[in-house]
Amino acid sequence: MPQKVIFSDLDGTLLHIADDALQRHGTMSEDGRTFETVQGVNISVRPLPPSTTGTQAFISERTLQLVAEIRRSGHLFVLISGARSSTFMERLPYLPAADAYVMENGGRIFFPSSDSLTAAPIVEDLVWRGQHVASPMVVESVPPAERPGVLWELYNRLQKEGWACDANRYSTDFRVSVKKSTGKTAADLDKIISSLPPQLASSFNLGSADFYPSSSGKDKAAEYLIKKFGFTKANSISIGDDDNDLALAQVVGHTYVPGFTAESMRNAVATNPLAFTVASSSAFLGTHEVLEKIQELPTALSIRSTRPLWVCSLVALSLILLAKRRQRRI
């Protein structure tokens, strides 16, 4: 049986966005294939397709290798992101192979499939998708303003009130930006979040507020997968950096932090430091550091292999002697 199930965020965790924060840690080459850190370390990277909002992200070759090695050692690896489905799917050929793919803050879950009829053989868990009554399943081409459910009722209300709501190519989620909402403040947004109906939940991702069914969320999706895969909280871990990774951290046994995107994550670490392992480096090096720590976690195979050779030989000799005694009696 696999030893651990690992839930990893993408943006700011396995992927790093080309922004001012990344520039503080080094310089990206013009072709987007090499990142030179301020320490003078050259890291081979791959540019991903830009997101719907134009965000450019990169993943390192070392990250891809480490995730593959972690899976080969017997652990399960789950990619879990707040990204909209379209962005996630466009990035899929550039992401590490995983045992499950979770997007839209837990609203949708896909598994690798043995179906060889499609170019990207993954299949959605429609049982999970059907549980989100606040956002019933409809064809994605249906405009958000025409969709049924409490989630889209909130979307329509906020739109009418002048909030900048982004539901472009989302299925179970929409995003609100205070910066893009004329005349609105963070305090105004806090009032909306504090008065949400029980069917809805919210968290912050990359500085914007995401709204989604309370039946989803990264934490609920992780709990569902932990049970489905036959694990417990004790042998589940997460990797994350942002506000929307905090609830996930509550349902796993330990969380690794490659760097801080949200102050709320920094505060959580300060409050309960034993529940977190924080990288001493940042950006790509921080990602490598936490993945290497996870790679070093003991597995049943490695524990067995650490037994001294003389112990194994003694056990084998005892079995041989026992077999000979039985033959003599016969």
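Residues numbered from 1 in each chain as written. Predicted model: local features only at pLDDT ≥ 70, side-chain atom pairs only at ≥ 80, totals over all residues. Heavy atoms only, no water.

As named in an unreviewed UniProt entry, the protein is Sucrose phosphatase-like domain-containing protein, taken from Durusdinium trenchii.

(A) Region of the structure containing the sheet that holds strand β3 (residues 26–28). Ordered by their spatial adjacency, five strands build an open sheet running β2-β6-β5-β4-β3, and the pairing between neighbours is antiparallel. Each edge of the sheet is formed by a strand with only one pairing partner; in this case those strands are β2 (16–17) and β3. Of the strands in this sheet, β5 (42–47) and β6 (57–60) are in contact with helix α2 (residues 61–72), which crosses β6 at around 55°. (Pairing = 2+ DSSP bridges. Helix = DSSP H or I, 4+ residues; strand = E, 2+ residues; numbered from the N terminus. Contact = heavy atoms within 4.5 Å. Axes fitted to C-alpha atoms, helices over the stretch in contact; angles between N-to-C directions.)

(B) Layout of the confidence of the model for the protein. Here the protein averages 90 in pLDDT, while 90% of its residues score no lower than 70. With pLDDT under 50 throughout, residues 326–330 is counted as low confidence; its partners more than four residues away or in other chains account for zero contacts. (pLDDT = per-residue confidence, 0-100.)

(C) Region of the structure containing the sheet that holds strand β1 (residues 5–8). The sheet built from eight strands is open, its strands ordered β10-β9-β8-β7-β1-β15-β16-β17 with mixed pairing. Bordering the open sheet on either side are β10 (122–124) and β17 (276–278), each of which pairs with just one other strand. Each strand of the sheet is rotated relative to its neighbour by a mean of 20°, with strand direction disregarded. As paired strands, strand β9 (residues 108–112) and β10 are joined by three bridges and run antiparallel to one another. Residue Pro112 lies in a different strand from β10, and its bridge partner there is Ile122. Relative to the sheet, helix α7 (residues 217–229) contacts β1, β7 (76–80), β8 (100–103), β9 and β15 (236–239), its axis offset from that of β9 by approximately 35°.

(D) Just the pattern of salt bridges, in detail. Overall, the coordinates contain 13 salt bridges when judged by the stated rule. Among the ionic pairs, Asp166 bridges to Arg84, the shortest N-O distance being 2.7 Å. Taken together, the positions of Asp166 in strand β11 (residues 164–166) and Arg84 in the loop between β7 and α3 (85–91) put the pair 82 residues apart, joining distant regions of the chain. Residue class for Asp166 comes out partly exposed when judged on its relative accessible area of 21%. Arg169 is paired through a salt bridge with Glu90; the nearest N and O atoms lie 3.8 Å apart. With a gap of 79 residues between them, Arg169 in the loop between β11 and β12 (174–177) and Glu90 in helix α3 connect regions that are remote in the sequence. Salt bridges here are not isolated pairs; linked through shared partners, they connect Asp9, Lys218 and Asp245. (Salt bridge = Lys/Arg side-chain N within 4 Å of Asp/Glu carboxyl O. Buried < 20%, exposed > 50% of the residue type's maximum accessible area, 1.4 Å probe, protein only.)

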